[in-house]
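Residue-level structure breakdown
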Amino acid sequence: MQVDNNIDFLLAREDLLQVFTELVPQLNNNNGKVKILFNIVENINKSNFIVILDNISLDKLIKDKTILNNYLFIIGEISLDMGSQLSSNYISYEIINEPINILSLQEKLKNLIDQKNSALSEIKKYKKFNYSSRLKTIYVGEISLYLTDKENEIFQILLDNKNISLSKKQLLSRVWNYNEDIDTHTLETHIYTLRQKIEKKLNLNNIIQHADEGYLINTNT
């Protein structure tokens, strides 16, 4: 498995469209260690890892209820509602401030692709999903779910003890090292949110199960 190095620009703003239309041929001819192909497009390619778009295009995608599974670089400020929509659908994104530093952006893209290609070799495969602890990502087919640091720690620990129930006390010890400010409610909230994300985005039910006053990951269902 390897990351697709095709990067799409989805731009509704005329000024940005003009800038990147002139710039894309130069970017395509760049001879860096990661060969990236930049394309100006009218419709989002759901299989591409990275998409660069402006806030107007993003707003339209959200209103059209387009399913997004890409890593988004968004040019321009986004509204609270747009941010909420991205968060509720667990979309990974980064805001690009203007004026745009093209060299910095290009370096970010190369590093992101390099990191993901390197980590893909470490992906572990299970019956219904694949998982990369390094990328903090669960995969089901073409769909991926990015986890927060704590969610990733919890998922990794449960997965290391797959099909074995770990008590709340054991999880608190391993994830939070018995921090006195952390209680079982915090753990339960993290696991509830993690289960909701997995079920909603990946359509996987009952992967994280409650058993014997603890939790386990069932890799057999």
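Numbering of residues starts from 1 in every chain and runs along the sequence as written. With pLDDT at 70 or above as the cut-off, local features in this predicted model cover only qualifying residues; side-chain atom pairs require 80 or more to be listed or tallied, and sums for whole chains, interfaces and linings still use all residues. Excluded from the side-chain calculation are hydrogens and water; included are all heavy atoms of the structure.

A closer look at the sheet that holds strand E4 (residues 71–75)
- The rule for pairing is simple: two strands pair if DSSP sees at least two bridges between them. Numbering of helices and strands runs from the N terminus; a helix is a DSSP stretch of H or I covering at least four residues, while a strand is a stretch of E covering at least two. Across the sheet, five strands lie side by side as E2-E1-E3-E4-E5; this open sheet has parallel pairing. One side of each edge strand has no neighbouring strand; the edge strands of this open sheet are strand E2 (37–41) and strand E5 (93–96). Adjacent strand axes in the sheet meet at a mean angle of 20 degrees, parallel and antiparallel pairs treated alike.
- In the sheet, E4 pairs with E5 via four bridges, with the strands oriented parallel. Residue pairing in the sheet places Ile75 in a bridge with Ile96 of E5. Here, axes are lines fitted to C-alpha atoms. For helices the fit covers the stretch in contact, and angles between N-to-C directions go from 0 to 180 degrees.

Looking at unusual backbone geometry
- Looking along the chain, the bond that leaves Glu98 and enters Pro99 is cis, with omega of 0 degrees.
- Unusually for a residue other than glycine, Asn163 sits at a positive phi of about 70 degrees.
- By the element assignment, Asn163 lies in the loop between helix H5 (149–160) and strand E10 (166–167).

What about the environment of Lys124?
- Note on placement: Lys124 falls in strand E6 (residues 124–125).
- Throughout, exposure labels follow a simple rule: accessible area from a 1.4 Å probe, protein chains only, divided by the maximum for the residue type, with under 20% read as buried, over 50% as exposed, and the rest as partly exposed. On the basis of relative accessible area, Lys124 is assigned to the partly exposed category, the value being 41%.
- When sequence neighbours within four positions are dropped, the list of residues in contact with Lys124 reads Phe129, Asn130, Tyr131, Gln156 and Asp160. Should any heavy atoms of two residues lie within 4.5 Å, those residues are counted as being in contact.

Notes on helix H4 (residues 102–120)
- Expected helix span is computed as 1.5 Å times (number of residues minus one). Spanning 19 residues, H4 covers 27 Å between terminal C-alpha atoms, matching the ideal 27 Å at 1.5 Å per step.
- Looking at H4, one finds that the buried residues are Leu105, Gln106, Leu109, Lys110, Leu112, Ile113, Lys116, Ala119 and Leu120.
- The residue sitting at the N-terminus of H4 and contributing the capping side-chain oxygen is Asn101; that oxygen lies 3.3 Å from the backbone nitrogen of Leu103. What qualifies as a polar contact is a pair of N or O atoms within 3.5 Å, subject to a donor-acceptor requirement within protein and to the restriction that residues adjacent in sequence count only when both atoms come from side chains.

Regarding the packing of H5 against helix H6 (residues 168–176)
- Contact geometry for H5 and H6: axes closest at 10 Å, N-to-C directions at 125 degrees. Overall, the two elements H5 and H6 adopt an arrangement that is oblique. Pair H5 / H6 crosses with right-handed handedness. Listed contacts from H6 to Lys150, Glu153, Ile154, Ile157 and Leu158 of H5 are Leu171, Arg174, Val175 and Trp176. Orientation labels follow simple angle bins: below 35 degrees gives roughly parallel, above 145 gives roughly antiparallel, 65 to 115 gives roughly perpendicular, and whatever is left gives oblique. Whether a crossing is left-handed or right-handed is set by the direction in which the near helix is turned from the far one by less than a right angle, anticlockwise for left-handed and clockwise for right-handed.

Any functional reading would require information beyond the geometric quantities listed.
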